[in-house]
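Listed below, chain by chain, are the residues.
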Amino acid sequence: MAPLIEVTLRGLLGRRRTLLLVLLAGLPVLIALLIRISGGRPDADRVLDTLVVRTVMPLVALILGTAAIGSEIEDGTAVYLMVKPIPRWRIALAKGLVAAGLTAALVVPAVVLTGFLLGDRTDPITPIVGFAVACLVGGSAYAVAFMALSVFTSRALLLGLAYTLIWEGVLSGLLEGTKFLSIRQATLGVADALGVDVPGDQLVPAVSVAVLVVVLVGGFLLASWKLARFEIRGGD
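Numbering of residues starts from 1 in every chain and runs along the sequence as written. Only residues with pLDDT of 70 or above have their local features reported here, since the model is predicted, and side-chain atom pairs are shown and tallied only from 80 upward, although totals for entire chains, interfaces and linings are computed over all residues. Neither water nor hydrogens contribute to the side-chain values; these are computed over all heavy atoms in the structure.

## Topic: the overall build of the protein chain
In step 1: A count of helical and extended segments in the protein chain gives 10 helices and zero strands.
In step 2: The secondary structure listing takes helices from DSSP runs of H or I that are at least 4 residues long and strands from runs of E that are at least 2 residues long, numbered from the N terminus. Secondary structure elements of the protein chain, listed N to C terminal, follow the sequence α-α-α-α-α-α-α-α-α-α.
In step 3: Its C-alpha radius of gyration of 18 Å places the protein chain within 12% of the 18 Å reference for a compact globule of 236 residues.
In step 4: If you line up the protein chain on its principal axes, its C-alpha atoms span 65 × 40 × 30 Å.
In step 5: Each residue is assigned to one of three classes by its accessible area relative to the maximum for its type, calculated with a 1.4 Å probe on protein chains only: buried under 20%, partly exposed between the two thresholds, exposed over 50%. Within the span of the protein chain, comprising 236 residues, buried residues form 44% of the whole.
In step 6: Taking all contacts inside the protein chain whose residues are at least 6 apart in sequence as the whole, residues at least 24 apart take part in 76%.
In step 7: By element, 68% of the accessible surface of the protein chain is carried by carbon and sulfur atoms, the whole surface being about 11800 Å².
In step 8: Charge-centre separation for the protein chain: the mean point of 19 positive side chains lies 9 Å from the mean point of 16 negative side chains. Atoms counted for the radius of gyration: C-alpha only. Globule rule: 2.2 Å times residue count to the power 0.38. The contact definition used throughout considers only heavy atoms, calling two residues in contact when any of these lie within 4.5 Å. Under the convention used here, a 1.4 Å probe and the Shrake-Rupley method define accessible areas, while residue burial counts only the protein chains that appear. Counted as positive: Lys and Arg. Counted as negative: Asp and Glu, with His and the chain ends omitted from the count. Note on charges: their place is set at NZ of Lys, CZ of Arg, CG of Asp or CD of Glu.

Right under this line is the structure:
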């Protein structure tokens with residue numbers, strides 16, 4: 001497992017991608033710093049919801065999740081991994097763990113720093129802890145889901161953008177009965193259960209946790225199943 005994780009880390013942490021991810025994750029912190037310097041006093045919960053949960057977290061997870069193995073399948077280098085006597089579920093597990101771990105490593109510090117810069121002086125800890133835990137689980141669910149999607153199609157990045165921007169950004173807010181199909185809504189449900197003042201009606205904690213667990217387990221199982229049926233032709 002360790003060699004798989006090491007190879008995946010080297011593949012994901014290229015200079016350009018790392019710079020892009022750091023800049024993206026640092027955007028909420030930069031905006032919070034500018035607000036602090038200008039003397040503004042916005043609602044920290046709303047800023048974390050809008051900038052991190054709705055924007056930065058899914059985009060970071062999308063970049064890492066689709067690149068964890070999708071880029072290797074697309075450029076053909078996955079063949080060198082598939083020919084080795086490694087159970088395909090181990091490959092899926094390693095790719096998912098790295099994508100989820102890197103997503104958390106980028107998003108959670110952004111939540112903490114942004115929360116401290118904009119947090120309420122009377123109780124700055126509750127929203128920070130609530131959003132940090134929610135983003136840890138929600139970001140992992142996004143990363144695993146996008147990793148599984150990249151195993152099935154080379155258009156995973158485009159489909160992931162459509163899911164986050166169109167389905168979660170527009171349709172899930174209009175169609176109340178479809179909130180349970182949104183990783184974002186499940187993430188906000190967890191944050192709400194942890195004491196964060198999230199605006200609007202959220203999913204109950206049990207449903208939120210169930211959605212995230214189904215995405216995590218289902219994404220891993222689907223990726224493992226698809227990789228197990230990955231055929232290497234003579235031309236490869």
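## Observations regarding the nonpolar core
In step 1: Residues belong to a common nonpolar core when they are buried Ala, Val, Leu, Ile, Met, Phe, Trp, Tyr or Cys residues joined through side-chain atoms within 4.5 Å. In terms of nonpolar packing, the biggest core is built from 52 residues, with Val111 and Phe131 touching the most fellow members.
In step 2: The set of elements that each furnish at least two residues to this core consists of helix H1 (2–12), helix H2 (15–38), helix H3 (44–68), helix H5 (78–82), helix H6 (88–118), helix H7 (125–152), helix H9 (183–193) and helix H10 (205–228).
In step 3: Those residues within four positions of valine 111 in sequence are excluded, and the remaining contacts are Leu48, Val52, Ile128, Phe131, Ala132 and Cys135.

## Quick notes on a nonpolar patch on the surface
In step 1: Patch membership needs two things, relative accessible area over 30% and no salt bridge, and members are linked within 9 Å if like-charged or within 5 Å if nonpolar (Val, Leu, Ile, Met, Phe, Trp, Tyr). In what follows, salt bridge is the name for a side-chain nitrogen of Lys or Arg lying within 4 Å of a carboxyl oxygen of Asp or Glu. Taken together, the side chains of Phe116, Ile125, Val129, Val133, Leu136, Val137 and Leu194 define a hydrophobic patch exposed on the protein surface, amounting to about 550 Å² of accessible area.
In step 2: Considering every element that reaches the nonpolar patch, the biggest residue donor is H7, with five residues.
In step 3: Looking at the secondary structure, you find isoleucine 125 in helix H7.

## Quick word on the environment of valine 83
In step 1: Examined against the element boundaries, valine 83 turns out to sit in the loop between H5 and H6.
In step 2: Sequence spacing of valine 83 and glycine 101 is 18 residues, and the spatial spacing of their C-alpha atoms is 26 Å.

## Details of the environment of threonine 187
In step 1: Along the chain, threonine 187 turns up in helix H9.
In step 2: Looking at threonine 187, the relative accessible area reads 1%, which means it is buried.
In step 3: Among all residues touching threonine 187, those that are not within four sequence positions of it are Val53, Met57, Ala134, Cys135, Gly138 and Leu212.

## Quick word on the packing of aromatic side chains
In step 1: Note on aromatic pairs: the rings of Phe, Tyr and Trp (six-membered ring only in Trp) are paired at centre separations within 6.5 Å, and the planes decide the class, stacked below 30 degrees, edge-to-face beyond 60, tilted for the rest. In this structure the tally under the stated criterion is two aromatic pairs.
In step 2: Between tyrosine 142 and phenylalanine 146, the ring centres sit 5.8 Å apart and the planes meet at 20°, which makes this aromatic pair stacked. With a gap of four residues between them, tyrosine 142 and phenylalanine 146 both fall in helix H7, about one helical turn apart. Like tyrosine 142, the residue phenylalanine 146 is buried in the burial classification.
In step 3: Their ring planes at 20° and their centres at 6.3 Å tell us that phenylalanine 152 and tryptophan 225 sit as a pair that is stacked. Here the residue phenylalanine 152 occupies a position in helix H7, and tryptophan 225 occupies one in helix H10, the gap between them amounting to 73 residues.
In step 4: When its relative accessible area of 39% is taken as the criterion, phenylalanine 152 is described as partly exposed.

## Comments concerning the environment of proline 199
In step 1: Within the secondary structure, proline 199 is located in the loop between H9 and H10.
In step 2: According to the relative accessible area criterion, proline 199 is partly exposed, its value standing at 34%.
In step 3: Setting aside anything within four residues of it in sequence, one finds proline 199 in contact with Arg46 and Asp49.

## So, H3
It helps to recall that an α-helix has 3.6 residues per turn; residues three or four apart then point in one direction.
In step 1: Of all the bends in H3, the greatest reaches close to 35° and is centred on valine 56; the proline proline 58 follows between one and four positions later.
In step 2: Counting buried positions over the 25 residues of H3 gives 20, a clear majority of the element. What we call the bend at a residue is the angle made by axes fitted to the seven residues finishing there and the seven residues starting there.

## Re the packing of H7 against H9
In step 1: Contact geometry for H7 and H9: axes closest at 8 Å, N-to-C directions at 160°. Between H7 and H9, the angle falls in the class roughly antiparallel. Two packed elements cross with a definite hand, and for H7 against H9 that hand is right-handed. Two secondary-structure elements touch here, H7 through Gly130, Phe131, Ala134, Cys135, Gly138, Ala141, Tyr142 and Ala145 and H9 through Ile183, Arg184, Thr187, Leu188, Val190 and Ala191.
In step 2: In the scheme used here, Gly and all other residues not listed as nonpolar or charged are polar, with Ala, Val, Leu, Ile, Met, Phe, Trp, Tyr, Cys and Pro taken as nonpolar and Asp, Glu, Lys and Arg as charged. Per-class residue counts for the contact of H7 with H9 are 10 nonpolar, three polar and one charged. For helices, the axis comes from a line fit to the C-alpha atoms of the stretch in contact; other axes are also lines fit to C-alpha atoms, and the angle between any two N-to-C directions lies between 0 and 180 degrees. The labels follow the angle: roughly parallel below 35 degrees, roughly antiparallel above 145, roughly perpendicular from 65 to 115, and oblique for the rest. For any pair of crossing helices, the crossing counts as left-handed if the nearer helix is rotated counterclockwise from the farther one by less than a right angle, and right-handed if it is rotated clockwise.

Read these as spatial facts, not as claims about activity.
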